[in-house]
Amino acid sequence: MSAPAVLSTHAATSDTAIAIDRLSKRFGRTLAVEDLTLSVAAGEVFGFLGPNGAGKSTTIRLLLGLIRPTTGAVRVFGHDARDVRRAHRHLAYVPADVALWPMLTGAEILELVARVGPGIDVAYRAELVERLALDLDKSAKNYSTGNRQKVALVAAFATRAPLLVLDEPTSGLDPLMEHEFRRCVAEARRRGQTVFLSSHHLGEVEALCDRVAILREGRLVEIATLADLRRLHRTIVEVSYHGEPPNLDDVPGVLAVEALDGHRVRFTLTGPPAPALRALAQAQVTALSLREPTLEEIFLDYYGTQR
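Conventions used here
Along each chain, residues carry numbers from 1 onward, in the same order as the chain's sequence is written. Only residues with pLDDT of at least 70 get local features here, since the model is predicted, and only at 80 or more are side-chain atom pairs given and counted; chain-wide, interface and lining totals rely on the full set of residues. In computing side-chain properties, one takes all heavy atoms of the structure into account and sets aside hydrogens as well as water. We call a residue buried when its accessible area falls under 20% of the maximum for its residue type, exposed when it is over 50%, and partly exposed in between, using a 1.4 Å probe and counting protein chains only. Strands here mean DSSP runs of E at least two residues long; helices mean DSSP runs of H or I at least four residues long; both are numbered from the N terminus. Each C-beta atom gives one direction from the helix axis, and the arc is the one those directions make. Contacts are assigned to residue pairs with any non-hydrogen atoms lying within 4.5 Å of each other. For two strands to be treated as a pair, DSSP must find no fewer than two bridges joining them. To get an axis, fit a line to the C-alpha atoms, keeping to the stretch in contact for a helix; angles then go from 0 to 180 degrees between the N-to-C directions. Here the term patch refers to residues with relative accessible area over 30% and no salt bridge, with like charges joined within 9 Å and nonpolar side chains (Val, Leu, Ile, Met, Phe, Trp, Tyr) within 5 Å. Here, Shrake-Rupley sampling with a 1.4 Å probe gives the accessible areas, and only protein chains in the shown set may cover a residue. Counted as salt bridges are all cases of a side-chain nitrogen of Lys or Arg within 4 Å of a carboxyl oxygen of Asp or Glu. Any two of the Phe, Tyr and Trp rings considered here, Trp counted by its six-membered ring, make a pair once their centres fall within 6.5 Å; the pair's planes then place it as stacked at under 30 degrees, edge-to-face at over 60, or tilted in between.

K.L.:
Would you mind going over helix α9 (residues 274-281) with me for this structure?
P.N.:
Three or four residues apart is the spacing at which side chains of an α-helix point the same way, because the helix has 3.6 residues per turn. Looking at α9, one finds that the buried residues are Ala276, Ala279 and Leu280. Each buried residue of α9 lies within a common arc of 100° when the element is viewed along its axis, so the set occupies one face. Relative to its buried face, α9 has exposed residues pointing more than 90 degrees away, namely Arg278 and Ala281. Where α9 is buried, its residues contact β11 (235-242), β12 (254-260), β13 (264-269) and β14 (284-291).

Here's what the structure looks like:
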């Protein structure tokens, strides 16, 4: 079985941690990734989003050098990802479904994986074991899914690898452990490590990431900071009123008007707010609130899904 993480402390040689250039991967007639171009700066926490089948796992396998691209290239700190030995000196990896050596204990696995490359922070590893409440005396065959995930997370975060590639890393963890995971990412950021995070937990991505990329059917739909994504979209407006509701029919920029309980109405606003404000001025408005959309709402917009 493969190890749960690939370890390294070799110094990074480029300001760009990941450079993906016109990357495509075809499996027979299926085009899994098509003409994908993006870059991740050193020290950045980067979110990689998309539903099942969008091409995220294929992209990560290409990044790790586990499969070869049909066209295009991936570079890790300037090194071609196809040169696995050299590229993996700069990264640690946590998969979504961790496989461990069943007859080894957690302690033995951590020691074995640590020997793949020098530079394990032993004191920090011990701290992580305690924070994640990981029993190292159990054999891996007796670990739950969550505990297998903890072993991989401890192994990865205890390294000083410049790049951490995390594919659904909190799968099987309870909310308390998810909080500890977020602390670990924040600590890695402060150390200057780069984090490439693929996750279905949109709140997790929203809390941690500097930028996000959204993939759909193998193609890049959007790549931006969270603030930019929100500005590109709409504002959510909620209004309380007395008497008759405001007439928002055919008002420019007003979309998805929804009547709520208690003389309230909610709608989304794009573009200049003046037409909507004029319409609201005709009603007896008692309260008005505006908020930015969450990452989940933005993400669902890209797939045409109503909340």
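K.L.:
What's the story with the sheet that holds β12 in this structure? I'm lost.
P.N.:
Consider a sheet: its strands pair through backbone hydrogen bonds, and that pairing is either parallel or antiparallel. Reading across the sheet, the four strands line up as β12-β13-β11-β14 and stay open at both edges, with antiparallel pairing between neighbours. Unpaired on one side and paired on the other, β12 and β14 mark the two borders of the sheet. Recorded for the sheet is a direction-independent mean angle of 20° between the axes of neighbouring strands. In the sheet, β11 pairs with β13 via six bridges, with the strands oriented antiparallel. Among the inter-strand pairings, Val237 is bridged to a residue of β13, identified as Phe267. Contacting β11, β12, β13 and β14, α9 crosses the sheet at an angle of about 165° to β13.

K.L.:
Would you take a moment to explain a nonpolar patch on the surface for this structure?
P.N.:
On the surface, Leu277, Val285, Leu288 and Leu290 cluster together to form a nonpolar patch covering roughly 340 Å² of accessible area. If one sorts the elements of the nonpolar patch by residue count, β14 sits on top with three residues. Assignment of secondary structure puts Leu290 in strand β14. The exposure class assigned to Leu290 is exposed, which follows from its relative accessible area of 54%.

K.L.:
Hey, could you run me through the packing of aromatic side chains in this one?
P.N.:
Within the structure shown, the criterion is met by three aromatic pairs. Centroid distance Phe48 to Phe196: 5.1 Å. Interplanar angle 40°. Geometry classified as tilted. Here the residue Phe48 occupies a position in strand β3 (residues 45-49), and Phe196 occupies one in strand β8 (residues 194-198), the gap between them amounting to 148 residues. The exposure classification of Phe48 matches that of Phe196, with both residues buried. A centroid spacing of 6.0 Å and a plane angle of 65° characterise the contact between Phe157 and Phe181, whose relative ring orientation is edge-to-face.

K.L.:
For this particular structure, what's the right way to read the sheet that holds β3?
P.N.:
In space, the six strands of this open sheet follow the order β6-β7-β8-β3-β9-β10, with mixed pairing throughout. Because the sheet does not close on itself, it has two edges, and the strands there are β6 (91-94) and β10 (219-225). Strand-to-strand twist of the sheet, defined as the mean angle between neighbouring strand axes without regard to direction, takes the value 15°. Bridge count for strand β9 (residues 211-216) against β10 is six bridges, and the pairing is antiparallel. Bridge assignment links Leu215 to a residue of β10, and that residue is Leu220. The strands touched by helix α6 (residues 175-190) are β3, β7 (163-167) and β8; relative to β8, the strand with the most contacts, the crossing angle is about 145°.

K.L.:
Mind showing me how you'd approach the pattern of salt bridges here?
P.N.:
Note on pairing: side chains with opposite charge can pair once their charged atoms come close. Enumeration over the complete set of coordinates arrives at 16 salt bridges. Across the salt bridge formed by Glu180 and Arg131, the nearest N and O atoms sit 3.0 Å from each other. Placement of the pair is Glu180 in helix α6 and Arg131 in helix α4 (residues 122-131), with a sequence separation of 49 residues. Residue classification places Glu180 among the buried residues on the basis of a relative accessible area of 10%.

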